[in-house]
Amino acid sequence: RGPTVSLTRPIPEMMMNILEEYVKKPYGYELAIRSDINKIFLWILRYWNNKNIDLELDTSISNELTTKVQQVMDYISTNFRDEITASDAAKMCNVSYSYFSRIFKQITKHSFSEYVNYIRITEAEKLLASTDMNMTEIAMYTGFSTSSYFIQQFKLHKHISPKQFRKNLFAK
């Protein structure tokens, strides 16, 4: 049986031990510091456990939730012109905003707003290639609140301005 950490042992005492080891630097002080840091983490974990604080360490995503997130992604693809918030999407999935945001990022590897902007930029590319709409019209049509925000996001995603993108298309 390994050493135990009492839940009554205060963290400041452990921090002082770390500081003393670091200042005096006796033989093996690095190991002693590592050990004290581990004891602090252990103390915190046991404290949280005693207080019934759930860290939601199980990050597996149910098939049902994955399906709901896919439905949200489909909704974004067809309603990208509308104002779409992560809060509304979370309600569609019957989960909290913070949980939805974590799960959405875990599944898509992008934040909710990054994903929505990506879809809007993709639609803007189509319009730049197939219409003579100006930047403001394209921005409004694709759901961006301002043309300057549209241009900023387009440059961020495509590393080129929408105007230059269009110019390059027709230069070929």
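Each residue is numbered by its place in its chain's sequence as written, counting from 1. Per-residue local features of the predicted model are confined to residues with pLDDT of at least 70, and side-chain atom pairs are confined, for both listing and counting, to 80 or more; whole-chain, interface and lining totals are unaffected and use all residues. Calculation of side-chain values draws on the structure's entire complement of heavy atoms; hydrogens and water are dropped beforehand.

1. A few points about helix α6 (residues 112-130)
Okay, step 1: What counts as a helix is a DSSP run of H or I of at least four residues, what counts as a strand is a run of E of at least two, and both are numbered from the N terminus. Multiply 1.5 Å by the residue count of a helix minus one, and that product is the helix's expected span. With 19 residues, α6 should reach 27 Å at 1.5 Å per residue; the first-to-last C-alpha distance of 28 Å fits that figure.
Okay, step 2: Those residues of α6 that sit buried are Phe112, Tyr115, Val116, Asn117, Ile119, Arg120, Ile121, Glu123, Ala124, Glu125, Leu127 and Leu128.
Okay, step 3: Contacts are assigned to residue pairs with any non-hydrogen atoms lying within 4.5 Å of each other. Elements that come into contact with the buried residues of α6 comprise α3 (63-79), α4 (86-93), α5 (97-108), α7 (135-141), α8 (147-158) and α9 (162-171). Under the scheme applied here, a residue whose accessible area is under 20% of the maximum for its type counts as buried, over 50% as exposed, and between as partly exposed, the area being computed with a 1.4 Å probe on protein chains only.

2. A word on the confidence of the model for the chain
Okay, step 1: As a per-residue measure, pLDDT reflects the predictor's confidence and takes values from 0 up to 100. Across the chain, the average pLDDT comes to 86, with 90% of residues at or above 70.
Okay, step 2: The weakest mean pLDDT in the chain belongs to helix α2 (residues 29-50) at 83; the strongest belongs to α7 at 96.

3. With respect to a nonpolar patch on the surface
Okay, step 1: Together, Met16, Leu19, Tyr22 and Val23 give the surface a local cluster of nonpolar side chains, amounting to about 440 Å² of exposed area.
Okay, step 2: On the secondary structure map, Leu19 appears in helix α1 (residues 11-24).
Okay, step 3: Judged by its relative accessible area of 44%, Leu19 is partly exposed. Patch definition: residues above 30% relative accessible area lacking any salt bridge, with like charges linked at up to 9 Å and the nonpolar side chains Val, Leu, Ile, Met, Phe, Trp and Tyr linked at up to 5 Å. Computed with the Shrake-Rupley method and a 1.4 Å probe, the accessible areas treat only the protein chains shown as cover for residues. Salt bridge, as applied in this entry: a Lys or Arg side-chain nitrogen positioned within 4 Å of an Asp or Glu carboxyl oxygen.

4. Topic: the side chain of Gln153
Okay, step 1: When you line up the elements, Gln153 lands in helix α8.
Okay, step 2: For Gln153, the contacting residues outside a window of four places in its chain are Asn117, Ile121 and Phe144.

5. What about unusual backbone geometry?
Note on backbone geometry: most residues besides glycine have negative phi, and most peptide bonds are trans.
Okay, step 1: The phi dihedral of Lys25 falls on the positive side, at around 50°, and the residue is not glycine.
Okay, step 2: Note on placement: Lys25 falls in the loop between α1 and α2.

6. Brief notes about the packing of α6 against α9
Okay, step 1: At their nearest, the axes of α6 and α9 sit 9 Å apart, and the two run at 45° to each other. When the interaxial angle is binned, α6 and α9 end up oblique. Of the two elements, α6 crosses α9, and the hand of that crossing is right-handed. Along the contact surface, α6 presents Glu125, Leu127, Leu128 and Ala129, while α9 presents Pro162, Phe165, Arg166, Leu169 and Phe170. With axes taken as lines fitted to C-alpha atoms, and helix axes fitted only over the stretch in contact, angles between N-to-C directions fall between 0 and 180 degrees. Small angles under 35 degrees read as roughly parallel and large ones over 145 as roughly antiparallel, with 65 to 115 read as roughly perpendicular and the rest as oblique. In a left-handed crossing the near helix is turned counterclockwise from the far helix by less than a right angle, and in a right-handed crossing that turn is clockwise.

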